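What the coordinates show
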Amino acid sequence: MKKLSFLFAFMSMLLVATTESNAKNYVVPNHADWMSNLYDSIPIRKVSIPGAHDAATGTVNLAGTSCQNLNVNELFDAGVRYFDFRTGFTSGIEMRMYHGFVDVSRTFIGVMNDLYNKLEEHQDEFVIVEVTIESDTKQKDNCKDHLKSYFRPQYKDSSRDVCRTYWKKESDYNRAKSKWMYFRPDLTVGDARGRVILLFNDEYDKPELMAGPYIPGRGDGPGSIAYIKCVNPTVDVTVHSQNDYHEDVFDNDVTLKFYNYVRPEIEQFTQIVEEHPDSMIWCMNFLSAYIHLIPNQWEIAGPVNALFAQYVNQHPQCYLGIVLMDYCGCPIWKNMASDTVNGDIALEAVINNNRRYWDEKKIYGDGKKDRREPFEMNSNE
């Protein structure tokens with residue numbers, strides 16, 4: 001049965017891979033400066049932040065691998081501020097971006113440079129980058145050494161000959177380093193503007209080399225607990241993390257992803273923030289999901305994203321934390337107009353949830369509309 005399922009999934013991937021990606025078939029919302037409206041004093045743990053699950057996969061058109069339609073630059077312009085980057089190492093001399101064992105045709109240094117450039121163009125924004133070494137790739141220790149070499153070029157390991165310096169010019173390294181910031185519990189919007197807040201999925205053996213916080217695994221169901229281990233100050237941040245996106249329970253009714261997992265996570269986090277406004281608690285809620293048998297996450301994205309957007313807009317006082325989703329900013333999957341993914345309305349619902357924090361003296365975008373009012377929701381019917 002497993003062989004049959006794998007064969008069916010592989011045939012589906014080949015079939016979809018023959019379609020031509022055409023991002024010009026739809027209009028992507030432009031929210032490149034949405035954070036400029038936020039008060040500086042707001043803790044980033046209370047800001048609702050739209051995130052891209054497997055953020056570097058917009059460069060491929062492969063079912064089960066392509067979780068985004070847009071590249072990193074386009075995701076930023078659409079309003080994404082949390083980037084889930086999966087790096088890996090199978091061969092060659094540089095880290096590349098992966099989803100599972102699939103190389104998605106970008107390098108780690110390339111996607112990071114995209115964000116540095118965007119932050120120089122939009123200095124009131126900040127992004128959070130979660131760096132994960134994809135477990136399906138080979139040479140995980142090799143990749144960890146390369147990450148150390150990227151973030152700490154003075155790192156040397158005499159036992160390995162794989163560590164290299166990613167910076168040809170000291171000025172390039174200093175430019176990137178000036179944008180790096182490690183998460184800390186008291187971090188505010190004003191502190192973070194123009195910066196890349198780094199999170200890692202692995203603990204590194206020498207804190208002086210990778211002093212940033214890390215997330216040692218995530219839970220699956222609503223209210224599952226993970227921790228961000230902070231070095232300075234040494235205060236751990238509790239993260240309510242709903243990460244369940246590949247369960248058989250969705251086979252019969254994909255909307256159960258929303259009703260049994262996504263909404264309860266929103267409700268629990270909102271209750272915690274309202275009852276304990278100063279608590280060191282964050283939230284990470286995955287809308288992403290797929291059915292085991294077929295890599296068809298776009299079929300789940302449509303109803304889940306729509307239900308999520310509707311709920312958030314009907315409950316404007318809820319708190320969301322980080323919301324990671326597939327197909328951010330896009331109404332359809334690739335160029336297949338029949339497959340609605342509602343990534344545009346889900347993303348705008350997250351941004352719009354922050355209107356309680358928008359400075360009334362600032363006007364969003366072209367100056368003609370006060371974005372403290374709800375976004376006009378799109379319709380794909």
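Description of the structure in this document.

Cut-off values and rules
- Residues numbered from 1 in each chain as written.
- Predicted model: local features only at pLDDT ≥ 70, side-chain atom pairs only at ≥ 80, totals over all residues.
- Heavy atoms only, no water.
- Core = buried A, V, L, I, M, F, W, Y, C linked by side-chain atoms within 4.5 Å.
- Buried < 20%, exposed > 50% of the residue type's maximum accessible area, 1.4 Å probe, protein only.
- Contact = heavy atoms within 4.5 Å.
- Axes fitted to C-alpha atoms, helices over the stretch in contact; angles between N-to-C directions.
- Helix = DSSP H or I, 4+ residues; strand = E, 2+ residues; numbered from the N terminus.
- Parallel < 35°, antiparallel > 145°, perpendicular 65-115°, else oblique.
- Left-handed = near helix turned anticlockwise from the far one by under 90°.
- Expected span 1.5 Å × (residues − 1).
- Bend = angle between axes of the 7 residues up to and from the residue.

Phe-83, Phe-85, Met-112, Val-129, Tyr-150, Trp-180 and Phe-308 are the most contacted members of the largest nonpolar core, which totals 99 residues. The residues touching Phe-308, leaving out its near neighbours within four places in the chain, are Phe-258, Val-262, Ile-266, Leu-287, Leu-320, Val-323, Ala-346 and Val-350. Formed by five residues, the second largest nonpolar core is a distinct cluster that contains Ala-301, Tyr-327, Trp-333 and Val-341.

With that settled, the discussion passes to the packing of helix H8 (residues 297-314) against helix H9 (residues 343-352). It is at 8 Å that the axes of H8 and H9 come closest, and there the two elements cross at 25°. Classified by the angle between their axes, H8 and H9 sit roughly parallel to one another. Crossing of H8 over H9 shows left-handed handedness. Here Asn-305, Ala-306, Phe-308, Ala-309, Val-312 and Asn-313 of H8 come into contact with H9, specifically with Gly-343, Ile-345, Ala-346, Ala-349, Val-350 and Asn-352.

Side chains three or four residues apart in an α-helix point the same way, a direct result of the helix having 3.6 residues per turn. Taking 1.5 Å of rise per residue, the 20 residues of helix H7 (residues 256-275) would be expected to cover 28 Å, and the 28 Å separating its terminal C-alpha atoms lies within 8% of that figure. A maximum bend of about 30° is found in H7 at Val-262, where proline Pro-264 lies one to four positions downstream. Within the sequence span of H7, burial applies to Lys-257, Phe-258, Tyr-261, Val-262, Pro-264, Glu-265, Ile-266, Phe-269, Thr-270, Ile-272 and Val-273. Buried residues in H7 make contact with strand E9 (237-242), strand E10 (281-286) and H8.

A separate point is unusual backbone geometry. Residues other than glycine seldom take positive phi values, yet Asp-54 does so here, at roughly 50°. Turning to its location among the elements, Asp-54 is positioned in the loop between strand E1 (49-52) and helix H2 (72-78). Among the residues examined, Asp-54 registers a relative accessible area of 2% and is labelled buried.

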